[in-house]
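This is what each chain is made of:
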Amino acid sequence: MSAVLRTQLRGVARRPARLLLTGLAVLVVSFVVYATVLAQQITERSVLDGLSGTPAAVDLVVRNGTMTTDELAAVGRIPGVAETAGRAEAGGQIGADYLSVTADSSTGPLAVTRLRSGRLPKGPNEIVVTPRTVDRLGLKIGSTAKVVLRYDKDGKPEAPTALTVVGLVTGRDDYGFQAYAPQPAVAAMTGAKELNQIDLRLAPGADADAVRRQVEAVTAAGAAKVKDSQKPEIAAGNDVRHEEARQKADDVDSVFEVIGLFVAIAVVAAGLVAASTFRIVFAQRMRQLALLRAVGAGRRGITWSLAAEGALTGLVTGGAGVLLALGAGQLVPPLARAFGPHIAGPGFPLRPALLTVALAVFLTVVAVIAPAFTAGKVSPLEALRGAGVTGGRRDIGKLRGATGILLVIGAALLAVFVIRNLPGRDPKDYQPSTNLLAIVASGGLAFLALIALGPALVRPVLAVLGAPIRRSGPVGRLAAGGVGGAPRRAAAVSVVVALGVTLIAGTLVGGASIRILAERETVSSSPADYEMTTNDAPIGAATVDQLRRRSELKNVTPYRRLPVKVSSTVGELDAVDLDIDDVPRLGRLDVIDGTLANLKPGQVIISGFTADTTGWKVGDQVSISHDKNAANVTVVAKLPASAPLGAAVVLDPADLTALGAPAGYNGLLADASKSGETGRADGRRVLTEAAAASGSTWAVDVLADQRDEIDSELTVLLAIALGLIGLTVMIAVVGVGTTTALSVVERVRESGLLRAVGLSRGALRTMLTTESALYGVIGAALGLALGVPYAWLAVKALGVNAPFAVPIGQLAVVFGILVALTAAAGVLPARRAARVSPVVALGTE
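Note that the structure is predicted; figures quoted are calculated from it, not measured.

Chemist: Is there a simple way to explain the pattern of salt bridges in this structure?
Modeler: Here the idea is simple: oppositely charged side chains can pair when their charged atoms come close. On inspection of all chains with the given rule, the structure shows 16 salt bridges. A salt bridge links D620 to K617; the shortest N-O distance between them is 3.8 Å. Among the residues examined, K617 registers a relative accessible area of 52% and is labelled exposed.

Chemist: Is there a simple way to think about the sheet that holds strand β22 (residues 698-702) in this case?
Modeler: What holds strands together in a sheet is hydrogen bonding between their backbones, with the strands either parallel or antiparallel. Spatial ordering of the open sheet is given by β13-β21-β12-β22, a layout of 4 strands whose pairing is antiparallel. The sheet terminates laterally at β13 (553-559) and β22, the two strands that pair on one side only. When strand polarity is set aside, the average angle formed by the axes of neighbouring strands in this sheet is 20°. Running at roughly 165° to β13, helix α19 (residues 541-548) makes contact with β13, β21 (667-672) and β22 of the sheet.

Chemist: Before we go on, may I ask you to explain the nonpolar core in this structure?
Modeler: Looking at soluble globular proteins, one finds that nonpolar side chains tend to be buried together. Within the largest apolar cluster, 43 residues are counted, with the highest numbers of intra-cluster contacts made by L450, V483, I778 and Y790. Those elements that place two or more of their residues in this core are α14 (398-420), α15 (433-465), α17 (474-484), α18 (487-525), α23 (703-746), α25 (761-797) and α26 (808-825). Broken down by element, this core gets its largest block of residues, 12 residues, from α18. I778 has contacts with V458, V461, L462, V483 and S494, leaving out every residue within four places of it along the chain. Core analysis: the next-biggest nonpolar cluster, separate from the first, contains 36 residues, I78, V101, V129 and I234 among them.

Chemist: Sorry, what's going on with helix α27 (residues 827-835) here?
Modeler: The α-helix advances 3.6 residues per turn, and as a result positions three or four apart in sequence lie on the same side. Buried within α27 we find P829, A830, A833 and A834. Buried residues along α27 cover an arc of 135° about the axis, so they all sit on one side. Residues of α27 that are exposed and angled more than 90 degrees away from the buried face: L828 and R835.

Chemist: I would appreciate a short explanation of the packing of helix α4 (residues 69-76) against helix α7 (residues 208-224) in the present structure.
Modeler: Relative placement of two packed helices is described by the angle separating their axes and the distance separating the axes. Direction vectors running N to C along α4 and α7 enclose 160°, while the axes themselves pass 10 Å from each other. The angle between α4 and α7 places the two elements in the roughly antiparallel class. The hand of the α4/α7 crossing is right-handed. Across the interface between the two elements, E71, A74 and V75 from α4 touch V215, V218, T219 and G222 from α7. Split into classes, the residues belonging to the contact of α4 with α7 amount to 4 nonpolar, 2 polar and 1 charged.

Chemist: Sorry, what's going on with the sheet that holds strand β11 (residues 233-236) here?
Modeler: If you trace the 4 strands from one edge of the open sheet to the other, you get β2-β10-β1-β11, paired in antiparallel fashion. With partners counted over all chains shown, the strands left at the sheet margins are β2 (81-87) and β11, one partner each. Mean inter-strand twist for the sheet, computed between neighbouring axes without regard to direction, equals 20°. Bridge count for β2 against strand β10 (residues 197-202) is 6 bridges, and the pairing is antiparallel. Counterpart to G86 in the pairing with β10 is I198. Those strands touched by α4 are β2 and β10, and its axis lies near 165° from that of β2. Together, β1 (60-63), β2, β10 and β11 form the strand contacts of α7, whose direction differs from that of β11 by roughly 155°.

Calculation notes
Residues numbered from 1 in each chain as written. Predicted model: local features only at pLDDT ≥ 70, side-chain atom pairs only at ≥ 80, totals over all residues. Heavy atoms only, no water. Salt bridge = Lys/Arg side-chain N within 4 Å of Asp/Glu carboxyl O. Buried < 20%, exposed > 50% of the residue type's maximum accessible area, 1.4 Å probe, protein only. Pairing = 2+ DSSP bridges. Helix = DSSP H or I, 4+ residues; strand = E, 2+ residues; numbered from the N terminus. Axes fitted to C-alpha atoms, helices over the stretch in contact; angles between N-to-C directions. Contact = heavy atoms within 4.5 Å. Core = buried A, V, L, I, M, F, W, Y, C linked by side-chain atoms within 4.5 Å. Arc of directions from axis to C-beta. Parallel < 35°, antiparallel > 145°, perpendicular 65-115°, else oblique. Left-handed = near helix turned anticlockwise from the far one by under 90°. Nonpolar A, V, L, I, M, F, W, Y, C, P; charged D, E, K, R; others polar.

Printed below as a string of structure tokens:
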């Protein structure tokens, strides 16, 4: 065995490029695994360094207790304290909006904001604001805002305070209503001495423990003077920063746990590619293995020597992947700093590096075992037939076929179980976990069946999808024949492509379905860009007409709201007379039964809650009352949840008037005429001006922000999922390139023969590139055939009434990209094959 092993290792030393080519997929996955570790290190360190709300210069924090400006002054006089900052917050109405004024100096080491333009506040009623506050509230530098900051002992607002904007600052938070002023100015605005927190910076060389004891004594004495007070706690600045940032890092950990699942899938894909690659390489070396057997080498010796070669491949490629990832990880922080953001370095996590290399060795050993045993069992005479015979074997064997059929049956039985247990609409007490686990198990069995039966599926799939290529000419026929002539090799690569496409198809279908569901749910509560509401004076028809004439707004639709009785067993519920036809987004509402269009007098639309509590259904004649008034109406539509604006029923304006609703409107909906932040800010400004002119407390809510937040979250989640699935696709593309390269080596004589009978270099390149593309075609087709049905099962099994949506355009783009990527993977091997002289190629054994 030792002699055989030495022979094999000398062969590896003579051809190191073959070793790297064989383990290229393992190198890539090692890079991905260790890069993920480094990315987590970078992210967590950056979060801990940059996303804490407490400045880095803070040494001690006084918090969670009763403290005032008196304690702030006393703490500032303690020896060893270089600087203090009192944290307080005030807030009040600015017309129909809210403005928060936070104590911060915006300068110095204890500041949480930094001046961007203008100047810092100097006077008692001067403030600085954030960029989004300028856009949303129109508080530009030089403008004055009247804000209600003080209230009397009965809670009634006193005269508003005129605040002048003198600068623009940037900080950690910017929600569109943030302003800042020095702590003494905030105290003067509110007339309050209470503080939320005191931050301390110690002088160089100060005894932190001694200062801490004195601070505790001062704050405890201050708290004792106040009835029912709470003694503050003293915490180290580093502990507070870590605690604040740890909350963010917990989210980071959750994200990387999900990333780990996708990396695990990529590791499986790399194992499949490595096994396929070893099988091809060993098939090419049948003559060498036969000679070793002829001179006395045993099957066991050959098998274990090939396994040792696989372990060496894993060690070399795993180490190379770790070193490449480490280099890339060290380059990220300086490159990021060059463009602005500060990102912490990842360091050198030694233990994860060693574990990654060990994973690479384990992966290659597992991948090489089956090909090694197969190669070791070949007799000398059979092995001397050459690689072409072995590579061209088309059958899958009886045992493999039977195993594949059993796996198909298992997957089908689990799928039938899920279909029979799918929930209906609006299920009660439904738990989806059992069905979802069954779907995962069924999908796993289906993929294993695909691995087992893949060679038998290549030719039928190729016969259908490869027909256009065959009809394209002789080169197309040769390419299709090359793929179909080696179905085991084609299946081994295509299965990995299919895995990536299955995951992508499932994600796209599931994402499209959930996006439609989210749109349906948000359109009920946020049917327009803006909502103006009132709690006192109603909105008049003149105001509505005025807003309809403004170019900044469109689809201005007023409504009235009235509490009504729908049943003697249920309290009063809200009825609205919103004209659904005038609000475009309400056309996307999910309707269980009936229709929403053209609501007429004597008709009513009911919510799911109303239907559940009353038993009403479409077509019923029902009675709705308010005080002594009643209206007999016909149910024309039933919604799954609440009606628009959270109402229980929607009535025609004439019916609501008959029930006693006053003429004035309780609110109105409107859309911005132009898209983007500018158009949204303009529309909001128009509504805010109308609210201010009314002299009443009309409130303006930007409903579009809620929709955008949900939509952006879905988009980001979908993009992250697709990016992570891209790891598997990348491994698959590497597998295609490796297989094509090894195929070129295996088929040098065939290439020379084709050149000798007149095939040009360009035609040979085209043929081999087309073969690579066909691997993508077969894999993408099999992946779509698995991914879309299982995505349908998953969407239905969730029990959330999500519609099944198939984004045909996106799936077509995925199909095209996969075919293009696999074709590109074969370009370099094809160019290499075309450069070989026909005379040299024909002389190759």
